[in-house]
Amino acid sequence: MRNTTVGAGALRVGAIGLGCMPMSWAYTASERDGAESVRAVHAALDLGATLLDTADSYGPFTNELLLGRALLGRRDRAFLATKGGVMASEGHLVANGRPAYIRRACDASLRRLRTDWIDLYQLHRPDPDVPVEESWGAMAELVRAGKVRSLGLSALDLVGPAPRRPAPAGRGPGQGSQGRYAAALRVLERVQQVFPVGAVQAEMSVWAPRAATELLPWCRARGVTLLAAMPLGSGYLTGTLTAGRGFEPDDARARHPRFTAEMMAEHQPVVAALRRVAARHGGVTAAQVALAWLLGLGDQVIPLPGTKKERWVRENCAAAGVVLTPSDLVELRGLPEALDAWG
């Protein structure tokens, strides 16, 4: 796999990363297997997918503990990205951006991950009761202390409402003059004045392309990496989910309007297009086409497909060898956007 860099600090990583959340949180618990997840992490490192993305809230805490075990003897091969700034309270995640909490959370993550440093420490959610400059300043102190190498911001909770009807991808802001990422851009401008932003994480995929038109230009102008979360539409863009089959009650998708039987059926043209493009390349899957679309946006974009199985890690990494043609891109550019954002 080719390499790219994170932020202006030019920290080298593979062009595709690994989202580790499904190994411990949000998706069906009955399908979790710690040993299989460790094999998935090891396969990712062997294939060059060195950026491993987690958070202290995933579990909470269990995802970081799992990665700590998986990286014994392999820490120097991994680029560890984790998140802080929220705490679990009665089954909910509550923002806590107070500097003292940020410092404690980072130290706790270091212990769980069994490491002396975090390569990318991300503010998971700005605290509305604390000026974001104070939270970011505390994170900058962690860089100066040698505990963290670079800083990032998760924009997943700073997104405006989704379009109410499908619109062609790449049309532009579409939500008035401000666009869906207006709040995220305002926060980014504020924290950038305190300490350089290394990476921004946002949902971005062939059916959720707004970040490419609204957020990516800001990142490119400042040498900031855009981490594409949910690049496979939380499994939908793989073409392996069946409308109406449903999810187990503990799966977050069971409660999300994007995954009702009706909505999944409405979005079938997106999957059909991915399959058509894949068929033209021979031996390529819909998921690999979806990842190749993101890789085609340039080295500033790093997809973070989440999985807990080694076989999917290998398939996702192979997407680095898929090069889409101009006609492929024209077909994908005309697809309708997904309704109802995760934010």
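Up top you'll find the structure we're talking about.
Residues numbered from 1 in each chain as written. Predicted model: local features only at pLDDT ≥ 70, side-chain atom pairs only at ≥ 80, totals over all residues. Heavy atoms only, no water.

## Here's the deal with the nonpolar core
And step 1. Membership of the largest hydrophobic core comes to 93 residues, with the highest contact counts inside it found for V41, L52, Y121, W136, L151 and L332.
And step 2. Counting residues per element, this core draws most heavily on helix α10 (residues 286–295), at 9 residues.
And step 3. If sequence neighbours within four positions are ignored, V41 has contacts with L18, M23, L52, L67, A70 and L71.
And step 4. In terms of nonpolar packing, the next biggest core, distinct from the first, is built from 11 residues, V6, L11, V13 and F79 among them. (Core = buried A, V, L, I, M, F, W, Y, C linked by side-chain atoms within 4.5 Å. Buried < 20%, exposed > 50% of the residue type's maximum accessible area, 1.4 Å probe, protein only. Helix = DSSP H or I, 4+ residues; strand = E, 2+ residues; numbered from the N terminus. Contact = heavy atoms within 4.5 Å.)

## A word on the packing of helix α2 (residues 62–70) against helix α3 (residues 99–113)
And step 1. Running from N to C, α2 and α3 cross one another at 45°; their axes reach a closest spacing of 7 Å. What the angle tells us is that α2 and α3 run oblique. Across the interface between the two elements, E64, L65, L67 and G68 from α2 touch S109, R112 and L113 from α3.
And step 2. Its residues assigned to classes, the contact of α2 with α3 comprises 3 nonpolar, 2 polar and 2 charged. (Axes fitted to C-alpha atoms, helices over the stretch in contact; angles between N-to-C directions. Parallel < 35°, antiparallel > 145°, perpendicular 65-115°, else oblique. Nonpolar A, V, L, I, M, F, W, Y, C, P; charged D, E, K, R; others polar.)

## Concerning the pairing of strand β9 (residues 151–154)
Walk down a regular strand and you will see the side chains alternate between the two sheet faces.
And step 1. Burial along β9 is two-sided: the residues L151 and L153 and G152 and S154 are all buried.
And step 2. In this structure, strand β8 (residues 120–123) lies alongside β9, joined through 3 bridges in parallel fashion. Looking at β9, one finds that Y121 is bridged to L151.
And step 3. Handedness of the crossover joining β8 and β9 through helix α4 (residues 132–144) is recorded here as right-handed.
And step 4. Alignment of β9 against strand β10 (residues 199–203), held across 3 bridges, turns out to be parallel. The partner of G152 across the bridge, within β10, is A199. (Pairing = 2+ DSSP bridges. Right-handed = clockwise from strand over helix to strand, strands pointing away.)

## Section: the sheet that holds β9
Adjacent strands of a sheet pair through backbone hydrogen bonds, lying either parallel or antiparallel.
And step 1. Strand order in the open sheet made by the 8 strands is β3-β4-β5-β8-β9-β10-β11-β12, with parallel pairing throughout. Unpaired on one side and paired on the other, β3 (18–19) and β12 (301–304) mark the two borders of the sheet.
And step 2. Bridging between strand β11 (residues 225–229) and β12 involves 4 bridges; their strand directions are parallel. Looking at β12, one finds that A228 is bridged to P303.

## Notes on the pattern of salt bridges
And step 1. In this structure the tally under the stated criterion is 19 salt bridges.
And step 2. Note that R190 and E133 form a salt bridge whose closest N and O atoms lie 2.8 Å from each other. Of the two residues, R190 sits in helix α5 (residues 182–192) while E133 sits in helix α4, which places them 57 residues apart along the sequence.
And step 3. Classification of R190 by relative accessible area gives partly exposed; the value is 38%.
And step 4. The class for E133 is partly exposed, based on a relative accessible area of 28%.
And step 5. Note that D328 and R280 form a salt bridge whose closest N and O atoms lie 2.8 Å from each other. Of this pair, D328 sits in helix α12 (residues 326–333) while R280 sits in helix α9 (residues 268–281), placing them 48 residues apart in sequence.
And step 6. You can call R280 partly exposed: its relative accessible area is 45%.
And step 7. Residues joined by salt bridges that share partners form a network here, namely R276, R280, D328 and E331. (Salt bridge = Lys/Arg side-chain N within 4 Å of Asp/Glu carboxyl O.)

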